[in-house]
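# Understanding the architecture of this molecule
So the chains spell out like this:
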Number of protein chains: 4
Amino acid sequence: MPARNMNSFAQDQDTSSAVRSAWRAAYDRVRQATELLCTPLETEDYVIQTAPEASPAKWHLAHVSWFFETFLLVPYLPGYRPRDTAYERLFNSYYEQLGRPWPRADRGFLARPTVAEVYSYRMHVDENMRALLERVTERDWALVLQRLAIGLNHEQQHQELLLTDLKLNFSVNPLRPAYRIDLVDPSGRVAPPMDWVAFPGGVYEIGQQGGDFAYDNEGPRHRVYLRPFRLSTRPVTNGEYLSFMADKGYDNPALWLSDGWTTVRHHAWRNPLYWEQIGEQWWHYTLAGLRRLDLEAPVCHVSHYEAQAYAAWAGKRLPTEVEWEVAAAGLPITGNLRETSYLHPAAAPAGKGLLQMYGDVWEHTASSYQPYPGYRADPGALGEYNGKFMCNQYVLRGGSCLTPADHIRASYRNFFYPHERWQFQGFRLAEDLE
Amino acid sequence: MPARNMNSFAQDQDTSSAVRSAWRAAYDRVRQATELLCTPLETEDYVIQTAPEASPAKWHLAHVSWFFETFLLVPYLPGYRPRDTAYERLFNSYYEQLGRPWPRADRGFLARPTVAEVYSYRMHVDENMRALLERVTERDWALVLQRLAIGLNHEQQHQELLLTDLKLNFSVNPLRPAYRIDLVDPSGRVAPPMDWVAFPGGVYEIGQQGGDFAYDNEGPRHRVYLRPFRLSTRPVTNGEYLSFMADKGYDNPALWLSDGWTTVRHHAWRNPLYWEQIGEQWWHYTLAGLRRLDLEAPVCHVSHYEAQAYAAWAGKRLPTEVEWEVAAAGLPITGNLRETSYLHPAAAPAGKGLLQMYGDVWEHTASSYQPYPGYRADPGALGEYNGKFMCNQYVLRGGSCLTPADHIRASYRNFFYPHERWQFQGFRLAEDLE
Amino acid sequence: MPARNMNSFAQDQDTSSAVRSAWRAAYDRVRQATELLCTPLETEDYVIQTAPEASPAKWHLAHVSWFFETFLLVPYLPGYRPRDTAYERLFNSYYEQLGRPWPRADRGFLARPTVAEVYSYRMHVDENMRALLERVTERDWALVLQRLAIGLNHEQQHQELLLTDLKLNFSVNPLRPAYRIDLVDPSGRVAPPMDWVAFPGGVYEIGQQGGDFAYDNEGPRHRVYLRPFRLSTRPVTNGEYLSFMADKGYDNPALWLSDGWTTVRHHAWRNPLYWEQIGEQWWHYTLAGLRRLDLEAPVCHVSHYEAQAYAAWAGKRLPTEVEWEVAAAGLPITGNLRETSYLHPAAAPAGKGLLQMYGDVWEHTASSYQPYPGYRADPGALGEYNGKFMCNQYVLRGGSCLTPADHIRASYRNFFYPHERWQFQGFRLAEDLE
Amino acid sequence: MPARNMNSFAQDQDTSSAVRSAWRAAYDRVRQATELLCTPLETEDYVIQTAPEASPAKWHLAHVSWFFETFLLVPYLPGYRPRDTAYERLFNSYYEQLGRPWPRADRGFLARPTVAEVYSYRMHVDENMRALLERVTERDWALVLQRLAIGLNHEQQHQELLLTDLKLNFSVNPLRPAYRIDLVDPSGRVAPPMDWVAFPGGVYEIGQQGGDFAYDNEGPRHRVYLRPFRLSTRPVTNGEYLSFMADKGYDNPALWLSDGWTTVRHHAWRNPLYWEQIGEQWWHYTLAGLRRLDLEAPVCHVSHYEAQAYAAWAGKRLPTEVEWEVAAAGLPITGNLRETSYLHPAAAPAGKGLLQMYGDVWEHTASSYQPYPGYRADPGALGEYNGKFMCNQYVLRGGSCLTPADHIRASYRNFFYPHERWQFQGFRLAEDLE
């Protein structure tokens, strides 16, 4: 079973040892990928937390292991006991039905368990997970596989978060440490001019197709009525965003949502997160340290509020998530994803039609994060995974330069609060055609 | 022109003196209604503000006058000068394009202008508005009428807010002052059992029809695809809500949205706003003072979060605003509205089909407040009326026992933050049929 | 018994009707003085509160009456019942032993009781107080007189607070209402140059002498050892303070206490409270509205932190409260006190020796507010009057232009937190002589 | 030069190589002692900060080195350049005259410099300090020695803080890590009954004598007038404090200062910091982990407010700092100090007269931290060391079980805010004799 098919459930019922081995390999691959991302870190880098949303790397490493322990080992591996009862609280992120989680803002308060102990916890979980995959009965097989897929996708999400959080945590340090100094800088390329791709109105279907893995929030598949619209061929660039800034975009309340304007003034925002002007030149902090701003690359680390204000300034609007998914349906999943190893957005390549739909930046949409018609969260604690967040957040689509290629798809719904900026977030434009 | 047709624009182009008189009468009627609501108030009652969202009565009286002054007298009445330059700031609610408004939370800081001075300001505006309606040219007539209709509907909204805010401001006082002690108490009636009304799936149209007045956020009229659903015949009652409380609804995180659970714990909510238990008996504070809870009346003063948690507990969901509007289309606009003079929700009357769709309580929907497809806010400061709030809020439908009958309609979209409870807010249930 | 002797206890044991009449007259005089101060107020002015420390005028009027009710009528007038049980909470300022007081910051939340009802409450208390003074037994006489003296002095304190609070509450209103527009403006006089008066070192005695009324915090009288020092002949003027500002006093951390520097930056202080620069000219808000700054008058509305920083800048220090009292001993109690009716500090008159020790501004001292050696607070709720505040506050001496002449004396200790500025606070300088 | 004489300046003028060697040895001894305290730490333990007042161990290690670099190497070692310009900000604690220090609450945000880099920084400073001591000219010798003594005493203060901060930072972790599990537990001894030692009234002298090192805030030596008083022979014990708790001490506002009562309710304090009741038994968190409470040992980790409330409950008061110093004068500096290696208070030994004046717990006094008569802070940034904190804090005396014996003396003034509890703070009682 190749890596690309980690999310395939075609062989659900097959419990042969070949299939068990394939799943074990998939498990090992994801787990190792997480640890590989940590290779450049010093022990101290694993510990700190500078904002409630930016968890320590150490916490991510432990939490994803707790996830396997809690949802797979405890219920399905006979005789398994949690490694440490304190971990049940410390590494529970937000599953209220499993007891009061350790406060999110206080994850950086924990010197112990040490980094070494956390790696030991991972190893312990890995050994038991391998035992589980070997021994699980035919009766439990389908349920275990379903949860395993969630667990692996969950760990991939935390791989991305581990890097976004590290970036934020490093960025406040005047020493400006780099995560890696050997990253390729893709600047130099010129993005093609922004153009438009039109779509007719009518009834469409969106949502997960069934078959491959998807989160529960991607379904049920359902029909929607759309008016004719068009999307910009590529996201807005840093250079274009500078024009908005030069035109006093951050000073003009007419462009902003009410809550956005309050946010802008409260934080005194004047530019995207991580940008700074030194003399006449704009720089920004990246995972490779401070770099000159690449005017051709997609603007990144802007909030929903900023994306919406830019769109208003440009006389356009943001796409709805339905429009985005309709447009993405059938496009190949390629782009500046994690495998590219830039770990930063790059200028759009030459090309026709929709560019950069996958990778580079998570794309803001105009859609608040709501359940699809007929959606029901799973019963039990795992039902808290997605459903309870369907309020006050907005949907982003398409993955970023930190997202693994086998983790993204047309129906994938990411979501953040409209004021948040620490993810790799950008946007493209949309327009009505009637 | 009868009062019911205040929102009709059929005679837009007719500038005859009969039509001018009719509009002047409509203006006088709305303005007098506002002042009539203040008859029971002591001077001190006009001044206080106990929460940012609960403006003093005096401020409401002045703000609605400022609205006519700013959007009609200054641009359309030749030679008119604002009464007081300080008022331009003090009584601007949130129009950022007109200068920095006085902070909402500080409206209770203003002993001056006195109540008498505010009434004098109203009189001054009224005299000039009458002059405007008499003298406005044919060229400006349509624009003036359009803004006049907004101004009158705006003042009606503030009539309702004046009472909801007064209720909140009075409620914190241990003396428990009543707004009016002579209000009829409608309790005693038994609500019919909750039943269901089903609707087929398919493509519907919602949004304003054109013709009569509507706010810009009610359009454009557009098509939506709905799956089959059904709505409860009446809102959830106090008695039913007590069952949710008795079943530890406020203690069970599995029922709540994540932000809702945070809110419940932060405020230590255990019941709807204004409720209190004395011995075994539940009471609640009303505009007539403290009253025994009427178990048959719709539950009121619950937030979106509480409505959603109740629905989850009941195994149902909240209606979307589209479903509500589809269901309401064609129903007569009758019910326990302001004209009934209860100023409090009452038990549903006997009857078949959908009951209490209008009046009693604003009904929570599952829909976040977003622009309709093709929506564009007006340019200029008046464009801030509705559009900039389309973020982080939820739509409520149908009006309450404080809403004038000529102010509500099937397409009317009210909106509040999901944690807010001081409006007369309740809810009915919905369910998928597939 | 003349007004000046309100605080005399020489005739404690005399319960003749002449003495009863004299005390009743003293009572009436103080109570009427309070109401006289309210003559210029509109009803709305009595209600508002714009900061936790600035209580509404209405609350002051009721609280001082509650004080007589609670500490005199209830315990000593047979059959007396409190006017309203809710008042027992609403108008209790901080006597925790009498139940949880209504929160200080929420005193502006109370539309009711109305102003008229508060005056009626006053009248009710007055009638009963007169009955008490007529009927009190010989056995209770001494105790009643002692509490009466506290009650009258307490009401005088609130007369001053009523004005300082009104000033603060009015000052935030862009309409800049004046308390009285008919106040005499004393500017025009030139203050004499600052000079010094020296005092030898040695053992002194300070504290109340016994005999006349004093608060418990003014005793016991006790010995202190002082080193030789000198005091400036008059307080620092506005003109002198402008030199400190011009020399970047507010930007120089070397001049400030650590907590003071934190406060300055947190509030972005650049000048005393109520000052504002219009063009080149400095103005300040007074009880008569906005006035040009009088460079010769004592600087007013500066915090302890600002006084201390100025002294450091001038190479001097603030006097200790012991030094102040030693210097004041024997000086006549004259000056710009409330009876002058300026209600604002004025330039020092021509003269030799110490000027303006009484009146104009409460003078900051270097002394934190601590108990004198041997001090014990009274048992019971009245013991909360002074003692429990002996922490984190600083002593001010000498009374202000709002203090009645029969309320101030050499041993009088006023106290405020070092960041507070809304009282009429200024300062003079001191220096060591060895 | 033996360790005890580190603070002696008898040989100030002697720049012989023997004296230079002696000072170098003193320097090495203090520096090594700091690092010895860190031996039990894991790398992660150096990084975290869980409260603004509890700096990471790593920061302490760097800050004390920055102190030597800034105040000695830069001005006195020709050609010396700061190791890293970023360190000048990061490791400046509060010297505002040297530029805006890195925010105290954000010291735990710094993964870099790593622990290894901080040790390398220390080594770098040490090498240069040794060079300085070797090469400093006769002209600079006295100044250098003066600052060296401050720097060494400063580092000793941070040795104590390093442990108190680590204790606080560890304490919030549900894993309850121990700093050292091999600490001797001194419980089992029975404290002698509390008795009293009396002192006559009169004029005393307190303050530094000159000769040995003392901080500037310990002088000038000056006369004070005292009334007769007596002090308890030993501090209040845990067992005695439990009686206060059992008598509802935390529920009785009559015992508390106003700000103390506000603090108690705000934090819902019910017992000293680190205490917890498991079943019927009281335990407390110590540097050796969780231990049973020793009823005979001095109560520890109580705020000034709690000490004052206990004294009020006992009908006594806290000693003033003058009384404490008068009583301590002439007593030998022995006791449960750091050299004892308990790192926790222990029951008083059998004995007559004043016990435990030094060591065990810093003793709260009734004295707010104010300058002595004639005190002047040094000019320049070093003048910020003590003087600017003379506001809102209270004086503690006598050192604790974490204080090195050669760091404490009768005139030593420690100071903390009255709500703070994370230092090893206890108290003894005092009483007036007249």
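Just so you know, these numbers come straight off a predicted model, no measurement behind them. Starting afresh in each chain, residues are numbered from 1 along the sequence in its written order. Going through the entries in the order they are written, you letter the chains from A and number the ligands from 1. Two thresholds apply to this predicted model, a pLDDT of at least 70 for residue-level local features and 80 or more for giving and counting side-chain atom pairs, whereas whole-chain, interface and lining totals are computed over all residues. Remark: hydrogens and water are excluded; side-chain values derive from all non-hydrogen atoms of the structure.

### Digging into the sheet that holds strand 7 (residues 289–292) of chain A
All names here are of chain A. A pair of strands is labelled paired if DSSP reports no fewer than 2 bridges between them. Runs of H or I in DSSP of at least four residues are treated as helices and runs of E of at least two as strands, each being numbered from the N terminus. One open sheet holds the three strands; their spatial order is 5-6-7, and the pairing between them is antiparallel. Where the open sheet ends on each side, the last strands, each with one partner, are strand 5 (275–278) and strand 7. Strand-to-strand twist of the sheet, defined as the mean angle between neighbouring strand axes without regard to direction, takes the value 35°. One ladder, built from four bridges, connects strand 6 (residues 281–286) with strand 7; its direction is antiparallel. Of the residues in strand 7, the one forming a bridge with Trp 283 is Arg 292. Together, strand 5 and strand 6 form the strand contacts of helix 6 (residues 238–246), whose direction differs from that of strand 5 by roughly 75°. What counts as an axis is a line fitted to C-alpha atoms, over the stretch in contact for a helix, and the angles between N-to-C directions run from 0 to 180 degrees. Note on contacts: a residue pair is in contact if any heavy atoms of the two residues lie within 4.5 Å.

### As for the nonpolar core
Counting 192 residues, the largest nonpolar core has A:Met129, A:Leu132, A:Leu148, D:Met129, D:Leu132 and D:Leu148 as the members making the most contacts within it. For A:Leu132, the residues in contact, after removing those within four places along its chain, are A:Leu72, A:Leu73, A:Tyr76, A:Leu77 and A:Val144. The term nonpolar core refers to a set of buried residues drawn from Ala, Val, Leu, Ile, Met, Phe, Trp, Tyr and Cys, joined through side-chain atoms within 4.5 Å. A simple rule labels every residue: compare its accessible area, found with a 1.4 Å probe on the protein chains alone, to the largest value its type can have, and call it buried under 20%, exposed over 50%, or partly exposed in between.

### Structural notes on the side chain of C:Gln49
With respect to the helices and strands, C:Gln49 occurs in the loop between helix 1 (17–37) and helix 2 (57–76). Classification of C:Gln49 as buried rests on a relative accessible area of 8%. Polar contacts, as counted here, are pairs of nitrogen or oxygen atoms within 3.5 Å of one another; within protein the pair requires one atom able to donate a hydrogen and one able to accept it, and residues that are adjacent in sequence qualify only if both atoms are side-chain atoms. Within the structure, C:Gln49 has its side chain in polar contact with the backbone oxygen of C:Pro52 (distance 3.3 Å). There is a polar contact of 3.0 Å between the side chain of C:Gln49 and the backbone nitrogen of C:Arg107. When near neighbours in sequence (up to four residues on either side) are disregarded, C:Gln49 contacts B:Phe109, C:Ala54, C:Ser55, C:Pro56, C:Arg104, C:Ala105, C:Asp106, C:Arg107, C:Gly108 and C:Asn169.

### Examining the arrangement of the chains
Regarding chain A and chain C, which are not in contact, the minimum distance between any of their C-alpha atoms is 15 Å. The least C-alpha distance between chain B and chain D, which are not in contact, is 15 Å.

### Quick look at the relation of the copies chain B and chain A
Superposition of the copies was done by least squares, using only C-alpha atoms of residues whose pLDDT is at least 70 in both. For the pair chain B and chain A, the superposition axis carries a translation of 0.0 Å, the fit reaches an RMSD of 0.0 Å, and the rotation angle comes to 180°. In symmetry terms, the pair is related by a two-fold rotation axis. Comparing interface residues between copies, 100% of those in chain B also lie at the interface in chain A; the contact surface is shared.

### Observations regarding the pattern of salt bridges
Every case where a carboxyl oxygen of Asp or Glu lies within 4 Å of a side-chain nitrogen of Lys or Arg is listed as a salt bridge. A complete count under the given rule lists 104 salt bridges over all chains for this structure. Ionic pairing is found between D:Glu205 and D:Arg221, a salt bridge with its closest N-O pair at 2.9 Å. With a gap of 16 residues between them, D:Glu205 in strand 2 (residues 202–206) and D:Arg221 in the loop between strand 2 and strand 3 (222–226) connect regions that are remote in the sequence. Beyond isolated ion pairs, a larger network of salt bridges with shared partners links A:Arg31, A:Glu35, A:Arg122, A:Asp126 and A:Glu155.

### Quick look at the packing of aromatic side chains
Two aromatic rings, drawn from Phe, Tyr or Trp (for Trp, its six-membered ring), form a pair once their centres lie within 6.5 Å of each other, and the interplanar angle then sorts them: stacked below 30 degrees, edge-to-face above 60, tilted otherwise. Applying the stated criterion across every chain, the model contains 136 aromatic pairs over all chains. For the ring pair B:Trp66 and B:Phe71, a centre distance of 6.0 Å and an interplane angle of 80° mean the geometry is edge-to-face. The class for B:Phe71 is buried, based on a relative accessible area of 5%. Here D:Phe244 and D:Trp313 contribute two aromatic rings whose centre-to-centre distance is 5.7 Å and whose plane-to-plane angle is 70°, an arrangement assigned as edge-to-face. Here D:Phe244 is found in helix 6 (residues 238–246), whereas its partner D:Trp313 is found in helix 8 (residues 304–313), with 69 residues between them in sequence. In this structure D:Phe244 comes out as buried when scored by relative accessible area, which is 0%. In this arrangement the basic side chain of A:Arg421 is found over the ring face of A:Trp269, its NZ or CZ atom lying 3.9 Å from the centre. Between the NZ or CZ atom of C:Arg107 and the centre of the ring of C:Trp59, over which it lies, the distance is 3.5 Å. For a ring to carry a charge above it, either NZ of a lysine or CZ of an arginine must fall within 6 Å of the ring centroid while also lying within 35 degrees of the normal to the ring plane.

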